[in-house]
Amino acid sequence: MRKGLLALLLSVMSIGPALGQGLSCGAAAKSWPLFERLKAHFLNAEYRAFLETSGPMLAHEVENYDAYFAIMDELFPAGFDLCQTVLVRDEEPAFRQEIVMYMREDMRGPITLLLIGVVIRGVPQLVYFNYSSDSSAVLGELK
């Protein structure tokens, strides 16, 4: 399964360099600007900014930064070469999930990021995120 996911990711990312670079990571139609900023922070190894700009539901977690991102600072201090949004699930009226995969040339497989958000009082909010080198573990968290 892992080889299949990697092959899928690499084929999707090979469609065009613009998909894996910049802010969008291949953003879907009706993308949430908050999610696009968070994906860009993760791509560029701006892990503290990821937490600081995550919004009111998770911004307080900056005080727990090391628990969330110390390993990323150690293993991926320069971030990633490319990323691709591989799943967007919108559930009416106000729920969204996105899965994004991040890669570098020297990696055997992707780091997979899950973002889960809700719209509260008309404003998209991040309510949960997780990332792992085990794509199956992240896929298992889809709601």
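Each remark here, short or long, concerns the structure printed above.
For the structure given in this document, a descriptive report is provided here. (Residues numbered from 1 in each chain as written. Predicted model: local features only at pLDDT ≥ 70, side-chain atom pairs only at ≥ 80, totals over all residues. Heavy atoms only, no water.)

### As for the overall build of the protein chain
Let me state the cut-off plainly: In this text, helices come from DSSP runs of H or I with a minimum length of four residues, and strands from runs of E with a minimum of two, each type numbered from the N-terminal end. Exposure classes here rest on a 1.4 Å probe applied to the protein chains alone. A residue is buried below 20% of its type maximum, exposed above 50%, and partly exposed in between. Pairs of residues are marked as contacts when any of their non-hydrogen atoms sit within 4.5 Å. Accessible areas in this description were obtained via Shrake-Rupley with a 1.4 Å probe; residue shielding takes into account the shown protein chains only.
Of the regular secondary structure elements, the protein chain holds six helices and four strands. Its helices and strands taken in sequence order, the protein chain reads α-α-α-α-α-β-β-β-β-α from the N to the C terminus. Classification of the 143 residues of the protein chain by burial places 43% in the buried group. Long-range pairs, those at least 24 residues apart, make up 52% of the contacts in the protein chain with a sequence separation of at least 6. Counting only carbon and sulfur atoms, one obtains 58% of the accessible surface of the protein chain, whose full area is about 7500 Å².

### Details of the nonpolar core
What counts, and what does not: The criterion is simple. A nonpolar core is a set of buried Ala, Val, Leu, Ile, Met, Phe, Trp, Tyr and Cys residues joined through side-chain atoms within 4.5 Å.
Grouped together as the largest cluster of nonpolar side chains are 28 residues, with contacts concentrated most on Phe42, Phe50, Phe69, Phe80, Tyr102 and Phe129. Put simply, the parts of the chain that give this core at least two residues each are α3 (33-43), α4 (47-52), α5 (65-75), β2 (95-103), β3 (111-120) and β4 (123-132). When residues in this core are grouped by element, the largest group, five residues, is from α3. Setting aside its immediate chain neighbours within four residues, Phe69 contacts Phe42, Tyr47, Phe50, Leu51, Phe129 and Tyr131.

### Section: the state of the cysteines
The test is simple: Note on disulfides: each one is a pair of cysteine sulfur atoms within 2.5 Å.
A complete count under the given rule lists one disulfide for this structure. In this model, Cys25 is linked to Cys83 through a disulfide, with the two sulfur atoms separated by 1.9 Å. Given an S-S torsion of about -85°, the disulfide between Cys25 and Cys83 has left-handed geometry. In this pair, Cys25 sits in the loop between α2 (17-20) and α3 while Cys83 sits in strand β1 (residues 82-91), placing the two residues 58 residues apart along the sequence. Each member of the pair, Cys25 as well as Cys83, is classed as buried.

### Description of unusual backbone geometry
Along the chain, Glu92 connects to Pro93 via a cis peptide bond; the corresponding omega equals 10°. Within the element layout of this structure, Pro93 appears in the loop between β1 and β2. Its identity as a non-glycine residue notwithstanding, Ala45 has a phi of 60°, on the positive side. In this fold, Ala45 is placed in the loop between α3 and α4. Although it is not a glycine, Arg121 adopts a positive phi angle of roughly 50°. Within the secondary structure, Arg121 sits in the loop between β3 and β4.

### Focus on the pattern of salt bridges
For clarity, the threshold we go by: Take a side-chain nitrogen of Lys or Arg and a carboxyl oxygen of Asp or Glu: if they are within 4 Å of each other, that pair is a salt bridge.
Counting across every chain of the model gives five salt bridges. For Lys39, the salt bridge identified is with Glu36, shortest N-O distance 2.8 Å. Pair noted here: Lys39 and Glu36 are both in helix α3, with a separation of three residues, about one helical turn. Classification of Glu36 by relative accessible area gives buried; the value is 9%. When the shortest N-O distance is used, the salt bridge between Arg96 and Asp90 registers 2.9 Å. Judged by its relative accessible area of 1%, Arg96 falls in the buried class.

Keep in mind these numbers describe shape, not what the thing actually does.
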